6 protein chains.
Amino acid sequence: MKRAIFPGSFDPITKGHQALVQRGLELFDEIIIAIGSNANKKYMYTLEERIKFIEQTFEGEPGVKVESYEGLTTDYCERKEAKFMLRGLRTSPDFEFERAIAQINKEMKPNLETVFLITSAELSAISSSIVRDIIKNNGDASPFLPSELKLI
Amino acid sequence: MKRAIFPGSFDPITKGHQALVQRGLELFDEIIIAIGSNANKKYMYTLEERIKFIEQTFEGEPGVKVESYEGLTTDYCERKEAKFMLRGLRTSPDFEFERAIAQINKEMKPNLETVFLITSAELSAISSSIVRDIIKNNGDASPFLPSELKLI
Amino acid sequence: MKRAIFPGSFDPITKGHQALVQRGLELFDEIIIAIGSNANKKYMYTLEERIKFIEQTFEGEPGVKVESYEGLTTDYCERKEAKFMLRGLRTSPDFEFERAIAQINKEMKPNLETVFLITSAELSAISSSIVRDIIKNNGDASPFLPSELKLI
Amino acid sequence: MKRAIFPGSFDPITKGHQALVQRGLELFDEIIIAIGSNANKKYMYTLEERIKFIEQTFEGEPGVKVESYEGLTTDYCERKEAKFMLRGLRTSPDFEFERAIAQINKEMKPNLETVFLITSAELSAISSSIVRDIIKNNGDASPFLPSELKLI
Amino acid sequence: MKRAIFPGSFDPITKGHQALVQRGLELFDEIIIAIGSNANKKYMYTLEERIKFIEQTFEGEPGVKVESYEGLTTDYCERKEAKFMLRGLRTSPDFEFERAIAQINKEMKPNLETVFLITSAELSAISSSIVRDIIKNNGDASPFLPSELKLI
Amino acid sequence: MKRAIFPGSFDPITKGHQALVQRGLELFDEIIIAIGSNANKKYMYTLEERIKFIEQTFEGEPGVKVESYEGLTTDYCERKEAKFMLRGLRTSPDFEFERAIAQINKEMKPNLETVFLITSAELSAISSSIVRDIIKNNGDASPFLPSELKLI
């Protein structure tokens, strides 16, 4: 069975994340959406809310799971016996960042493979931080969120 | 009448901002320099100081106005009946950021057009954050500020 | 009157070019689509064909003209008494190229201003070279061409 | 069965290509290395030589096949009933180019998915064009070629 | 005597920094590793610890010194009568940042020259922030640190 | 003695090249401007003309020499017993290209060090290809050429 981890903050999950996971299901039998926790970071939504948003988004989709984890992402992948990480690429600066992380991960866990999909053009500008910014400024973020979300 | 909004923090206004607005006046009849407020951001200069610096810079220039606003920049443009946003491009990472923002804005307000001018070479390294850094370290920031400024 | 030159090879004109000119008409009273000739370059379509494609695309649009020119683009702008050049930005490498050209042009003609619009996301991958590649390989390039084109 | 196409010129195959295909075999059951032909391009090695080099490189590896094709890569993928294309990413300009191609391909064949792996650091500078350049200048290109190659 | 300043936070020094300084010793007679202090920044290691780590790394190397400084880096270079700054380049975003800084420095101190070495491929992903992130998550950062370090 | 090679086509030498060599003389005792020959490339100026232009530019400067060479640049450096290559960086795409070349060179000649200076802002848009383009189109390229040149 091919299992992949899709790590991130998902604060909140966006249409961009949703499309990547759906495309990833063509490649992998199971995708675990894994919410990392960073003690230094302030989140707009609690861990419980972020998990609930993801569950709503992928309700009825048995191949998608959601979990939270602590510690290094590579250690978490090993604990879950996942040989793959799934990542989206949106822009050139994304690429440089992902290249460095992938290189470090390769040094730490040589058997863990990171697989990249390029975000489709019409979704490439969407990010959780832009969504948070719109919400904070009382704008309507719904065009950028999964239509399955019920609560934001 | 062609009215454009030139949004930013202007903490403080630099020679780079000044040159862009002057070049923009060839394109637009009126440019409103619009100071957005972000509750999470700490500024070096108060809103009043930042407005005063801009007024000094463009004294005697009837086509340039200065205002502050809250909420989304696109909503502000609509309230001001401005069909254009003016933005400067300095570097590749600037470009990627601006491309994402312009794409999101297009989704939210299809009739708002963002117009870009590329910063001239000798001004392309100047930014408000570099100016603040020089001032904090007791350096002389005057080569990077409008010569009209009286107080910094 | 605000007149802008939109220079290029247009071998052939694409949906991306078309959208840029239409957006540019909000800024300028007249846009001259100017086909530069480069003796060292091989074109897929003759100059006459390229002009005809552009005329078909903007038929009934009085603000858009098409011309060909020889020599430096900046000299051509001066001869046409155009104070503006219109350019589209699609990607980071585009940006670096355009920045260099804009800087050189500024040195040669200080009063000529280059105005940039960022290509919309769904059109940002389209270029004349990709269209030519599809046509050479017997693919269907029509999704990337102006719907007004009758002959390609 | 998950079948992927790995398209390119392979003039000649490098250590970089070799590593990508080996990593791709973790994801795909079969990888077809597909040599596209471009009438306008001059190659250093004939199609027969390039095929032979690839066969030497993957001798004894049943999951890897080599073929040549004409026409659009997306049409070829469809003919081979391959739902995936495999591509390597080395640098930021690579990324911009691949993003445009992936977007065009998505428009033409919505069910074809392009999967990217980032080249490992120590192989990221290797390209067929650098190898050709070394060989033309009588340098030793063997550190950059698969050790299985017998003839170059 | 050719003296160069290698400025940074070194929180902590990495294998990447170590290699750059060693390569720089081919160019310069003396390299001062200069730890700048930024009142707004939180460090993982104290100034004393960071100095000690650097001293351990370059023990027995007379051409390398370590100091801390306050104020602008350019002013510090002048006080030390150093005509050169040494900087490493790892990625494109690095480059854009360094280009802006070098341009500002040139305006402020025309006689100060910044010399760049490109980080070797296998070290290019290593940064102090990645090292700190690994340590915070209880991972093993030792592959990315100078082997001379005794205490982290 | 510190000897550096500054390799290129110099078709023709520009103000940008001139400034880099002058800055490089602060670092190196001798700089050899080395004109590589590429049988596949068409040049605007003959090798003799290109040498003469460089000699005119650096007349009376004993630390600068000009030579031509064939074969790999790294082999040439070894023959000249030069431990350094000098290169200018103008833009991000430049950086990506130089990074790959420097990495390949390091693999082939571990003791050869490539040293980079970033082109100053007002010269960063100048390249030999832009100069050739201006000359071919009967423009005035003199603002971009060394003032010492007598013949172009």
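These figures come from a predicted structure and were not determined experimentally.

Scoring rules and cut-offs
Residues numbered from 1 in each chain as written. Chains lettered and ligands numbered in written order. Predicted model: local features only at pLDDT ≥ 70, side-chain atom pairs only at ≥ 80, totals over all residues. Heavy atoms only, no water. Phe/Tyr/Trp six-rings, centres within 6.5 Å; stacked < 30°, edge-to-face > 60°. Helix = DSSP H or I, 4+ residues; strand = E, 2+ residues; numbered from the N terminus. Buried < 20%, exposed > 50% of the residue type's maximum accessible area, 1.4 Å probe, protein only. Salt bridge = Lys/Arg side-chain N within 4 Å of Asp/Glu carboxyl O. Contact = heavy atoms within 4.5 Å. Buried area = accessible area lost by both parts, 1.4 Å probe. Polar contact = N/O pair within 3.5 Å; in protein donor to acceptor, adjacent residues only side chain to side chain. Nonpolar A, V, L, I, M, F, W, Y, C, P; charged D, E, K, R; others polar.

Student: How should the packing of aromatic side chains be read in this particular structure?
Tutor: The way to describe two aromatic rings as a pair is by their centre distance and the angle between their planes. All names here are of chain C. Under the criterion given, the structure shown has 27 aromatic pairs over all chains. Where phenylalanine 28 meets phenylalanine 84, the ring centres are 5.3 Å apart and the plane angle is 45 degrees; that geometry is what we call tilted. On the criterion of sequence distance, the pair formed by phenylalanine 28 in the loop between α1 (15-24) and β2 (30-36) and phenylalanine 84 in strand β4 (residues 84-89) is long-range, its members being 56 residues apart. A single burial state applies to phenylalanine 28 and to phenylalanine 84, both of which are buried. Relative to tyrosine 76, the ring of tyrosine 69 lies with its centre 4.5 Å away and its plane at 20 degrees, an arrangement referred to as stacked.

Student: Which parts of the structure should I look at to understand the pattern of salt bridges?
Tutor: Where charged atoms of side chains with opposite charge meet at close range, the side chains can pair. Summed over all chains, the structure comprises 72 salt bridges over all chains. Between glutamate 113 of chain B and arginine 23 of chain C there is a salt bridge, and its shortest N-O distance comes to 2.7 Å. Pair noted here: glutamate 113 of chain B is in strand β5 (residues 113-118) and arginine 23 of chain C is in helix α1, and the two residues belong to different chains. For the pair formed by glutamate 113 of chain B and arginine 23 of chain C, the shared burial category is buried. Between glutamate 113 of chain E and lysine 106 of chain E there is a salt bridge, and its shortest N-O distance comes to 3.7 Å. Residue classification places glutamate 113 of chain E among the buried positions, given a relative accessible area of 6%. Salt bridges sharing partners connect three or more residues here, namely Arg3, Glu30 and Lys65 of chain A.

Student: Just to check I follow, could you spell out unusual backbone geometry for this structure?
Tutor: Leave glycine aside and you will find that most residues have negative phi; peptide bonds, for their part, are mostly trans. Looking along the chain, the bond that leaves aspartate 11 of chain A and enters proline 12 of chain A is cis, with omega of 0 degrees. Along the chain, the position of proline 12 of chain A falls in the loop between β1 (3-8) and α1 (15-24). Residues other than glycine seldom take positive phi values, yet asparagine 138 of chain A does so here, at roughly 60 degrees. Relative to the elements of secondary structure, asparagine 138 of chain A occurs in the segment after α5 (128-136). A relative accessible area of 71% places asparagine 138 of chain A in the exposed class. Notably, glutamate 81 of chain E is not glycine yet its phi reads approximately 55 degrees, a positive angle. Within the secondary structure, glutamate 81 of chain E is located in the loop between α3 (73-79) and β4 (84-89). Relative accessible area serves as the criterion here: at 67%, glutamate 81 of chain E is assigned to the exposed category.

Student: Is there a simple way to think about the interface of chain D and chain A in this case?
Tutor: Where interface size is given, it is often the accessible area lost as the parts come together that is meant. With 24 residues of chain D at the contact, the number on the chain A side is 24 residues. Approximately 2,200 Å² of surface area, both sides summed, lies buried where chain D meets chain A, with 61% of it carried by carbon and sulfur atoms. Among the residues chain D hides against chain A, the three largest losses belong to Leu27, Phe95 and Ile118 of chain D. Together they make up 26% of the total. If you look at where chain D meets chain A, you find 4 salt bridges. Taking the shortest distance from any N to any O, the salt bridge between lysine 83 of chain A and glutamate 26 of chain D comes out at 2.7 Å. Our count for the contact surface shared by chain D and chain A stands at 9 residue pairs in polar contact (both at pLDDT 80 or more). Elements with a minimum of two residues in the side of chain D that touches chain A: β4 (84-89), α4 (92-108) and β5 (113-118) of chain D. Here the side of chain D that touches chain A is built from residues that sort into 10 nonpolar, 4 polar and 10 charged.

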